Number of protein chains: 2
Amino acid sequence: MEHLKRSERLVLMTRILTNTPNIVHNFAEFCEMFDVAKSTVSEDVDLIAGAMKLSGKGVVETISGAAGGVMYRSCYSKDEAARILSEIAKILSMPGRLLPGGFLYTSDVVSDPKYTRQMGEIIAQKYYDNLPDFVLTMETKGIPFALMIAQALNVPLVIARRDSRAYEGSAVKINYLSGSRNEKLDTMAISRRAVKAGQKALIADDFAKGGGTLKGMREMMTECQIEVIGVEVMIKTLEPKEKLCENVSALLTLKGTDRLSNSCDVAVDAAYLPA
Amino acid sequence: MEHLKRSERLVLMTRILTNTPNIVHNFAEFCEMFDVAKSTVSEDVDLIAGAMKLSGKGVVETISGAAGGVMYRSCYSKDEAARILSEIAKILSMPGRLLPGGFLYTSDVVSDPKYTRQMGEIIAQKYYDNLPDFVLTMETKGIPFALMIAQALNVPLVIARRDSRAYEGSAVKINYLSGSRNEKLDTMAISRRAVKAGQKALIADDFAKGGGTLKGMREMMTECQIEVIGVEVMIKTLEPKEKLCENVSALLTLKGTDRLSNSCDVAVDAAYLPA
């Protein structure tokens, strides 16, 4: 594409940068694409970075050096994150969502890219300065949420299974205790090819009550000699306060249930909101 | 945000539009955000639409009328789609990916947002003129791929399970025959709350050999009185040519395996490429 106007280049560069969060684009890539000098690209990048800064919704960073370039990361203010999470909490608190057995119906929200993308981005920004090598989740319901965190961080997602599968090759398989009184013996497997000793993992799931599954994922990482840099869930229950897994951070808290209206009381976890 | 320069507005509007594919933004939203007249927003939108058109990588459409506004959709030319899919085919054809039992290891590629996002967008553009109400997949491996299609279309994802779960409420459960000779009886369940009679579904999965799971999803949709508007998979095997499910469209074809190098021959499915 030759001889574009600055305004046109700005639009196209913004599209590329925001579509590829956390990926460094070399200036040469844009020089070639638009047939312009590096100084022109540099001015364009400054303009984009300035506009993003004004909006407070994204950061465009320039990295100097041979491997340098420019990179976009989404960014949420405390107010913006609170607004989005409150909206989701409100949806989850609507009457009729309480299921027999005391379960909260969340499947529509946790699989809707509209909601999971924003939640994934809100979580991702906690890890910009300490990037994991991958995001780990356990099948099934937490996958969309975990994938959106992985997308915002530009790292792969690794899915632990309830059992090993022939199409995933050799597996690491562990037994772990779950249930609120550590009374259930479960198994978890991940493909040996998916991870390497010495890596860093971010654990993510949609829901934590006892925390057994999260604890299982922690144990799996220990087994694989991988450091866990965080444990993030979309919703945790208020009770039991002590989860089997340590340091579980949640966007939302399920505070209680009301059998009359078949609803749950879900609120934004104040401890969560970005500074 | 008041008194931004045009170039700054263009950057911020492009970020919003490309971050929310297939969502209509009313002009008033931008008028209020930037404190400018509708005619100014209209000029900005024309500029963005023009730049996108020049790049060939996105379409910005203006919808007139009361519910009108502006909307972004990603767009891949035949060459661009071929380039991306060839790169993925090359990765999947690398030595060492053939597992005992004749399986191809794909988990790293199908769970990497970098690849699944592009594949999801390539598929989505086939359905811009006939939007599904949701994308349906069967747990587990196809979820990231299906979610990215859903994201590009701005529709929810519905996940079918191997069994019903208490936390998904009442379920529709079916039995279906799978296996290459229709010899296996499997079950599939979806939450009754997730779908409604009269809707349109797009079925998506990561892999099709016999096509039994896809057929099961078709039968599930029939059971729920939902029309299937397409069946999309990432990779299908060349043999058997006749799948149990009709009209399966695949981005890639697994043409054969080589036990010497433990590799598979994966190629772009020529029938797939957009016009």
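Above this text sits the structure in question.
As a starting point, this report considers the structure included with it. Just so it is clear, the model here is predicted, and its values are computed rather than measured. Just so you know, the residues in each chain are numbered from 1, in the order the chain's sequence is written. Chains carry letters and ligands carry numbers; both start at the beginning, A for chains and 1 for ligands, and go up in the order they are written. Totals for whole chains, interfaces and linings use every residue, but because this is a predicted model, local features are given only for residues with pLDDT of at least 70 and side-chain atom pairs only at 80 or more, for both listing and counting.

**Description of the overall build of chain A**
Inclusion rule: Secondary structure follows DSSP: runs of H or I at least 4 residues long count as helices, runs of E at least 2 residues long count as strands, and numbering of each begins at the N terminus. Residue pairs are scored as contacts if the distance between their C-beta atoms, which are placed from the backbone, is within 7 Å.
Tallying secondary structure elements over chain A gives eight helices and twelve strands in all. Each of the three principal axes of chain A carries a C-alpha extent, and together these read 65 × 45 × 30 Å. Here the analysis covers contacts within chain A between residues at least 6 apart in sequence; of these, 63% occur between residues at least 24 apart.

**Comments concerning the relation of the copies chain A and chain B**
Keep this limit in mind: The least-squares superposition of copies is restricted to C-alpha atoms, and to residues with a pLDDT of at least 70 in both copies.
Mapping chain A onto chain B is achieved by rotating through 180° and translating by 0.0 Å along the same axis, at an RMSD of 0.0 Å. What the superposition gives is, in effect, a two-fold axis relating one chain to the other. A symmetric contact is evident, with 100% of the interface residues of chain A recurring at the interface of chain B.

**Focus on the interface of chain A and chain B**
Just so we agree on the cut-off: Three residue categories are used. Nonpolar comprises Ala, Val, Leu, Ile, Met, Phe, Trp, Tyr, Cys and Pro, charged comprises Asp, Glu, Lys and Arg, and polar comprises the others, including Gly.
Residue-level contacts link 51 residues of chain A with 51 residues of chain B. At the level of secondary structure, the elements contributing two or more residues to the side of chain A that touches chain B comprise helix H1 (6-19), helix H3 (38-55), helix H5 (107-110), helix H6 (113-124), helix H7 (143-153) and strand E6 (157-160) of chain A. No other element matches H1 of chain A, which puts ten residues into the side of chain A that touches chain B. Each residue belonging to the side of chain A that touches chain B can be placed in one class, and the counts come to 25 nonpolar, 15 polar and eleven charged.

**Comments concerning the environment of Val11 of chain B**
As a reminder of what qualifies: Backbone-placed C-beta atoms define the burial measure: a residue is buried with 20 or more other C-beta atoms within 10 Å of its own, exposed with 12 or fewer, and partly exposed in between.
Note on placement: Val11 of chain B falls in helix H1 (residues 6-19). With 30 C-beta atoms packed within 10 Å, Val11 of chain B lands in the buried category. Along the backbone, Val11 of chain B and Leu157 of chain B are 146 residues apart, and their C-alpha atoms lie at a distance of 30 Å. Sequence-distant contacts of Val11 of chain B, that is, excluding residues within four places in its chain, are made with Leu10, Thr14, Ile48, Ala51 and Met52 of chain A.

Interpretation note: all reported values are geometric properties and have no functional meaning in isolation.
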